[in-house]
Amino acid sequence: MKWQSERGILLKMNKVKVSTEKGNSRIQSLLAQLEKLNSEGPLQDVENGRYVTYKLLHLAQTQAEFPFSVLQVSERTKKDLTAKGSTGMEIILSTLENTRDLQIMLNILNILNELVSVGGGRRCRVLVSKGGSQILLQLLFSASKDFPNEEIMIQLHSILAKIGPKDKKFGVKVRINGALGITLNLVKQNLQNFKLILPCLQLLRVYSNNAVNAVTLGKNGVVELMFKIIGPFSRKNTSLVKVSLDTLAALLKSKTNARRSVDRGYLPVLLTIYIDWHRHDTRHRHMLIRKGILTCIKNMTSIKLGRKAFVDAEGMKVLYNISQDCLSVRTLDPLVNISTLIMRKCFPKNRLPISTIKSIYQFQLPIIPSSGPVAQIYNLAPEVDDVVDESDDAEVETDNENEEEENESKKNDDIETDLSKLKPVQDLGRLIEELEIYKQFFPELMEDFQAFDFTEKTNTSSSRSDVKRTGPIIVPTAEEPSSKSKTITASFKDNNVPQSQQILPNVYQGVGQDHKPARHMDLQNTEKNKSNVNHQYSKQNGHTPTQCLNNEITKGLDNMTLHCNNASEDVKYWKPGYDSGVDNKPRFLTLGETCSKTCQQISGCGKSLFVSSFGQPPSWQQVGTQLGQLCCTGIDTDAEDESSLSSEEPGFSDFPEPGVLQPLHDPDLYVEIVKKTKSVPEYSEVAYPDYFGHIPPAFKEPLIERPYGVQRTKIFQDIERLIHANDIIDKTVYDLDFLSYPIPEDGETLRFNSQFESGNLRKAIQIRKFEYDLILNSDINSNHHHQWFYFEVSGMRNAIPYRFNIINCEKSNSQFNYGMHPLMYSVQEAMLGRPQWVRTGTDICYYKNHFSRSSIAAGGLKGKSYYTLTFTMTFSHKDDVCYFAYHYPYTYSTLQMHIQKLEELHDPQLIYFQRDSICETLGGNPCPVLTITSMPESKSWENLYKFRNRPYIFLTSRVHPGESNSSWVMKGTLEFLMSNNLTAQSLRDSYIFKIVPMLNPDGVINGRSYSLHPMMVKGNKK
């Protein structure tokens, strides 16, 4: 039976196919007859014309009898009439022009209406391209005078309303043919004829899309006419009300019409109507009507007069309360979104709550530019600063139909036709004599290496020559560790390799002389030894590592400044029997020394919290003071082992991943460098993260998934500031403009600080009990560029969500809207062995706020607003000291420390490492330039020639101070190039690397986002 049913379906489909082919020939025959009738001049054979057009209309409306076929006869007819190369449309339009018979006109108009019905966008364009809109407008004009017929008017207005948006010159054609007055008169004379007025209103909406037509209609009373149709809630004629609101919204896009509506008091009327529809539309069946009312209000509030009328009518409170009712219904989100836009637009514009938008730090330039933003700042009158500009832009009602032609004429402007201009310039842009000054930046080319002893490099040279380097050099990139693999490859110091080949001491290898080198380590075997080692550690020390630290440490670290003999004097650690007076030399608790002795059987884990730089440290400590995890509290890569990391049973890892222990970090050296660093604010404090250092995260950081509606919720909370102004505290708790401002000590208010290198926070204002507005300082000698932030927060309570709003951001969008987190560093977490910057925060979003940017600050553009970056933070520790930053901070002093450590640790017999200064910045800081390559194998002429003819690779970073990620990339690049990795060695043998690791030192030091004019340096060197 199944095959019989399938056979029946196939037979029916074949019948449909045959009938379709017959239909095609039938259409072609009818079109041929119609064309023959038109060729004889004005249509004389009326009866035959009616018959042919009726048959065509019948085919356009008839569907196939077979219900399972996707193909319909009507669709096939429409395709044949509008197909490429078909003359069907021209024949039908020609017939419409030539006939004066009402029945033929109605038949053709019905055919055209079928063609441009739902899904007929392409057919609308075909009709326009054949001149259909012009023919129909002419017919509308003639029909209104010669033979006014309601059905013809309905069909004409319906077709024109559909094809009008597809015709870019429709607005001009409408005015030329006098269609505006015809449609307007029909609406005025037939307000009760809903069948006729509906297509007329649809066409008026299309007319209003042209600015000139909208103003003309407004002057002729169309706005007042729409308010006669729009009224309170009613279940009758809702489609007519919807079209009227759409038409009114299109008219109100014109500021002239919006101003006329506001003057006549229509805005409070719309608010009343909206309240009535919201109250009665309990089932939300008329959401489109409510949306249309809001759209009209939105267009009316685009002018300053409308915003004022909206606020005076308590529109903020009305829309806020209604929006709160709609939040629980997801289908009403469009209403909430439009209401939010209106309230944000009408929120009174304020200037930033600071005395001046200029940076609080000014630097006197040796040469003031004659033009540009810096000259503008210097030439600005003292009384002119940040004036809120709410004036409406001057309205110019012009046609926009010719925009396409203008754009077409500009498309070929970028094509270069003069081939001589495309040839490269062979001549030097500067004289040879002028290039002589750059010799000082290439000392390696003049080096003869006579002072170097190459006798110790015999073994090294032979070992280097044995390295086979076939194929291209492949620079390794980061790879995601496989979850299936349970081994970590670890390289050890080979006793057979000379000490000179240990380019950078490997802090990850064992130090026991009797320890046998191992190439792989099984993590499963390591897990078996964890409990024994940890038990032995606890037994010898009498306490667990986490018991060594408490909150009092954090309190004791407050106000660490540069005015001390040694930075470690301000830091003391608790241990049994510790007496500050016993040791004359201030030093940290040498927790790492105890660990290295205890864990000798595993070659020392090397995980001291602090290691003193005094005395003779073990060989693995020769890399300098380092900050790592607490002894034997490593990071386990397996989720199921998290329980072993508790304070009762801490875990360990013999061989941490490279980079975990920061071998190039030395807190004391960092402080000494900071003392020499020159800053415009003359910083006297050091941030704990920069002093202590930090370890990278042990896992990939995912992008945050922002909860639905969080941005809207934050905006509503901002709107509540205006509606419930009495709930706002508005208390300044930190202000760089007034450093003598009293610091809150009530135990309930957060304390802020940014007076350290790369810090940026100008002002903090407490808005609510647990909410703070933060203002960033602009770039020096500037009144804008606010992106980078780096500040300290203390005095918090744990388990309380605090909201932070950075309110003077300038970019129109941010990665914080797409999953980016701010960074936080907790000092108490660092004391507990987790010195890490972590991406944290909830309810993170970025949006436009109500603080206005003046045209001066916005580069001459009016109406610009600042943006808010908001995030919520729940702190884990009470009275902690935490730091927030835009990205992982990397200060200029950190760079200098890293360079100095690299210079100390490299093997001069293997690596040519030259540290120079490309210039001195305006702030008086050297801008370092590094040269890295391999030493020549000998002093022979041949080897020196090869050395001097190596190709150069130039690397630069940190041209924008706020982009600290580039410095971390450069740090890794430098460490890799200085390592004993075979690929790095091959790169050094092949190239000379000339590296400027920080192009903008002054900007980085002073916590800028964009620049401090880094190219303007002393001596006019660039």
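Caption draft 1: Spotlight on the pairing of strand E8 (residues 801–809). Of all nine residues that make up E8, eight are buried, and the element is covered over most of its length. With four bridges connecting them, strand E6 (residues 771–775) and E8 associate as parallel partners. Bridge pairing in E8 links Glu771 to Arg803. Taken together, the seven bridges between E8 and strand E12 (residues 865–874) define a ladder with antiparallel strand orientation.

Caption draft 2: Here's a closer look at the environment of Pro199. Assignment of secondary structure puts Pro199 in helix H11 (residues 194–207). Placed 12 residues apart in sequence, Pro199 and Val187 show a C-alpha to C-alpha distance of 9.8 Å. Once you skip the residues sitting within four places of it in the chain, Pro199 turns out to touch Ile154, His157 and Ser158.

Caption draft 3: Looking closely at the packing of helix H7 (residues 132–145) against helix H8 (residues 150–163). Across the interface, H7 lies against H8 with an axial gap of 10 Å and an inter-helix angle of 150°. Overall, the two elements H7 and H8 adopt an arrangement that is roughly antiparallel. As for the relative orientation of H7 and H8, their crossing is left-handed in sense. Facing H7, whose interface residues are Ser133, Leu136, Leu137, Leu139, Leu140, Ala143 and Ser144, H8 presents Ile152, Met153, Leu156, His157, Ile159, Leu160 and Ile163. For the contact of H7 with H8, a count of residues per class yields 11 nonpolar, three polar and no charged.

Caption draft 4: Seen up close, the nonpolar core. Counting residues in hydrophobic clusters, the biggest one holds 113 residues, and the most contacted among them are Leu112 and Tyr207. Setting aside its immediate chain neighbours within four residues, Tyr207 contacts Leu140, Phe170, Val174, Ala179, Leu180, Thr183, Asn213, Ala214 and Leu217.

Caption draft 5: Representation of the side chain of Ser794 in the model. When you line up the elements, Ser794 lands in strand E7 (residues 790–794). Overall, Ser794 belongs to the buried group, its relative accessible area being 8%. Look past the residues within four positions of Ser794 in its chain and what remains in contact with it is Leu750, Arg751, Asp880 and Val881.

Caption draft 6: Structural context of helix H35 (residues 982–990). Counting buried residues along H35, seven of its nine residues qualify, which places the element largely inside the surrounding structure. Inspection of H35 places Thr983, Ala984, Gln985, Ser986, Leu987, Arg988 and Asp989 among the buried residues, and these make up the whole buried set. With a side-chain oxygen positioned 2.7 Å from the backbone nitrogen of Thr983, the residue opening H35 is Asn981.

Caption draft 7: Representation of the confidence of the model for the protein in the model. Scored by pLDDT, the protein has a mean of 74; 67% of the residues are at 70 or more. Ignoring residues within four places in sequence, the model shows residues 393–417, a span with pLDDT below 50, making 29 contacts including any to other chains. Note that residues 1012–1022 has pLDDT below 50 and, in this model, 27 contacts with residues that lie over four places away or in other chains.

Caption draft 8: Quick look at unusual backbone geometry. Even without glycine at this site, His284 takes up a positive phi of about 55°. For His284, the location among the structural elements is in the loop between helix H16 (266–280) and helix H17 (287–300). Its identity as a non-glycine residue notwithstanding, Ser758 has a phi of 70°, on the positive side. Mapped onto the elements, Ser758 comes out in the loop between strand E4 (751–753) and strand E5 (763–768).

Caption draft 9: Region of the structure containing helix H5 (residues 102–115). Between its terminal C-alpha atoms H5 stretches 20 Å, which fits the 20 Å expected from 14 residues at 1.5 Å a residue. Most of H5 sits out of view: 10 of its 14 residues are buried. Among all positions of H5, only Ile104, Met105, Leu106, Asn107, Ile108, Leu109, Ile111, Leu112, Asn113 and Leu115 are buried.

The rules behind the values
- Residues numbered from 1 in each chain as written.
- Predicted model: local features only at pLDDT ≥ 70, side-chain atom pairs only at ≥ 80, totals over all residues.
- Heavy atoms only, no water.
- Buried < 20%, exposed > 50% of the residue type's maximum accessible area, 1.4 Å probe, protein only.
- Helix = DSSP H or I, 4+ residues; strand = E, 2+ residues; numbered from the N terminus.
- Pairing = 2+ DSSP bridges.
- Contact = heavy atoms within 4.5 Å.
- Axes fitted to C-alpha atoms, helices over the stretch in contact; angles between N-to-C directions.
- Parallel < 35°, antiparallel > 145°, perpendicular 65-115°, else oblique.
- Left-handed = near helix turned anticlockwise from the far one by under 90°.
- Nonpolar A, V, L, I, M, F, W, Y, C, P; charged D, E, K, R; others polar.
- Core = buried A, V, L, I, M, F, W, Y, C linked by side-chain atoms within 4.5 Å.
- Polar contact = N/O pair within 3.5 Å; in protein donor to acceptor, adjacent residues only side chain to side chain.
- pLDDT = per-residue confidence, 0-100.
- Expected span 1.5 Å × (residues − 1).

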